[in-house]
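Chain residues, written in single-letter form:
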Amino acid sequence: MMMGDWEQALDTAQRVLTTDSYNIEALRLTTIYLITREARYDVAANRILEILRSVERQEPKNPDLYLSLARPFARLAGRHAGVLKASMQLVQLAATVRPETSAVATEHAYHLFLLGNIEGSLKKYRAA
């Protein structure tokens, strides 16, 4: 996305959300905007929970989608606990669908590390 396209992309996402409040891509874009452009982490954490509900409704058996949604939020969160805990819920949901996957375990370990749970993180990394 080019620098000047944020406003247009956000406007499009808002229009999509007025017609489909469960649109995962529009929710993802607005959440990334809240984190990166406005630093509204508490609002972004609530938006991640909306994404979680949307994914549970539309794609309940898709752990790859859960991980692809959780990864950018964790990396952009700036160690904000609210955002990390919300994105951790996406990772935990992926773990319930496909618990034996190393990608899920690795992402879970990374979230634990960012939340400051080093011991839990090491256990997950070893399990992965």
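Quick look at the structure, then. Residue numbers here run from 1 along each chain, matching the order of that chain's written sequence. The predicted nature of this model means local features are confined to residues of pLDDT at least 70 and side-chain atom pairs, given and counted, to a pLDDT of 80 or more, with totals for whole chains, interfaces and linings taken over all residues. Each side-chain value is worked out from all heavy atoms of the structure, with water and hydrogens disregarded.

### Digging into the pattern of salt bridges
At step 1: The salt bridge definition used is simple: a Lys or Arg side-chain nitrogen within 4 Å of an Asp or Glu carboxyl oxygen. Evaluated as defined, the whole model comprises eight salt bridges.
At step 2: With a closest N to O distance of 3.7 Å, Glu 50 and Arg 47 form a salt bridge. Of this pair, Glu 50 and Arg 47 both sit in helix H3 (residues 41–58), three residues apart, roughly one helical turn.
At step 3: Here Glu 119 and Lys 123 are joined by a salt bridge, their closest N and O atoms 3.7 Å apart. Linking Glu 119 with Lys 123, this pair stays in helix H7 (residues 118–127), spanning four residues, or about one helical turn.
At step 4: Beyond isolated ion pairs, a larger network of salt bridges with shared partners links Arg 71, Arg 75 and Glu 107. Numbering of helices and strands starts at the N terminus; helices are DSSP runs of H or I of at least 4 residues and strands are runs of E of at least 2.

### Examining the packing of H3 against helix H5 (residues 81–97)
At step 1: To get an axis, a line is fitted to the C-alpha atoms, and for a helix only the part in contact is used. The angle between two axes follows their N-to-C directions and goes from 0 to 180 degrees. Packing of H3 against H5 leaves a shortest axis separation of 7 Å and a crossing angle of 15°. With respect to each other, H3 and H5 are oriented roughly parallel. You can see that H3 and H5 cross each other, and the crossing is left-handed. In this structure, H3 contributes Tyr 41, Ala 44, Ala 45, Ile 48, Leu 49, Leu 52 and Glu 56 to the contact, and H5 contributes Gly 82, Val 83, Ala 86, Ser 87, Gln 89, Leu 90 and Leu 93. Angular relationships are summarised with four words: roughly parallel below 35 degrees, roughly antiparallel beyond 145, roughly perpendicular across 65 to 115, and oblique for the angles in between. Crossing handedness is defined as follows: a turn of the near helix away from the far one that is anticlockwise and smaller than a right angle gives a left-handed crossing, while the clockwise case is right-handed. Contacts between residues were defined by any pair of non-hydrogen atoms, one from each residue, lying within 4.5 Å.

### What to know about unusual backbone geometry
At step 1: The backbone phi angle of Ala 39 is positive, close to 55°, even though this residue is not glycine.
At step 2: Summarising the element assignment, Ala 39 is placed in the loop between helix H2 (24–36) and H3.
At step 3: Although it is not a glycine, Arg 79 sits at a positive phi angle of roughly 60°.
At step 4: The topology assignment puts Arg 79 in the loop between helix H4 (63–76) and H5.

### Description of the nonpolar core
Looking at soluble globular proteins, one finds that nonpolar side chains tend to be buried together.
At step 1: Side-chain atoms within 4.5 Å are what join buried Ala, Val, Leu, Ile, Met, Phe, Trp, Tyr and Cys residues into a set we call a nonpolar core. Residue burial is assigned from relative accessible area. The probe radius is 1.4 Å, only protein chains are included, and a residue is buried under 20% of its type maximum, exposed over 50%, and partly exposed in between. Among the nonpolar cores identified, the biggest contains 36 residues, and Val 55, Leu 69, Phe 73, Val 83 and Leu 90 are the most heavily contacted of them.
At step 2: Where this core is concerned, the elements lending two or more residues are helix H1 (6–19), H2, H3, H4, H5 and helix H6 (102–114).
At step 3: When residues in this core are grouped by element, the largest group, eight residues, is from H2.
At step 4: With near-sequence residues (within four places) excluded, Leu 69 lies in contact with Ile 24, Arg 28, Ile 51, Val 55 and Leu 90.

### Overview of the environment of Arg 47
At step 1: For Arg 47, a relative accessible area of 17% translates into the label buried.
At step 2: With 69 residues separating them in the primary sequence, Arg 47 and Gly 116 have C-alpha atoms 23 Å apart.

### Section: the side chain of His 108
At step 1: Mapped onto the secondary structure, His 108 falls in helix H6.
At step 2: You can call His 108 buried: its relative accessible area is 13%.

### Some words on H4
At step 1: Along its 14 residues, H4 runs 21 Å from first to last C-alpha, staying within 8% of the 20 Å computed at 1.5 Å per residue.
At step 2: When we look at burial in H4, the residues that qualify are Pro 63, Leu 65, Tyr 66, Leu 67, Leu 69, Ala 70, Phe 73 and Ala 74.
At step 3: Downstream of H4 by a residue or two, Gly 78 has a phi angle that is positive, lying close to 60°. Multiplying 1.5 Å by the helix residue count minus one yields the expected span of that helix.

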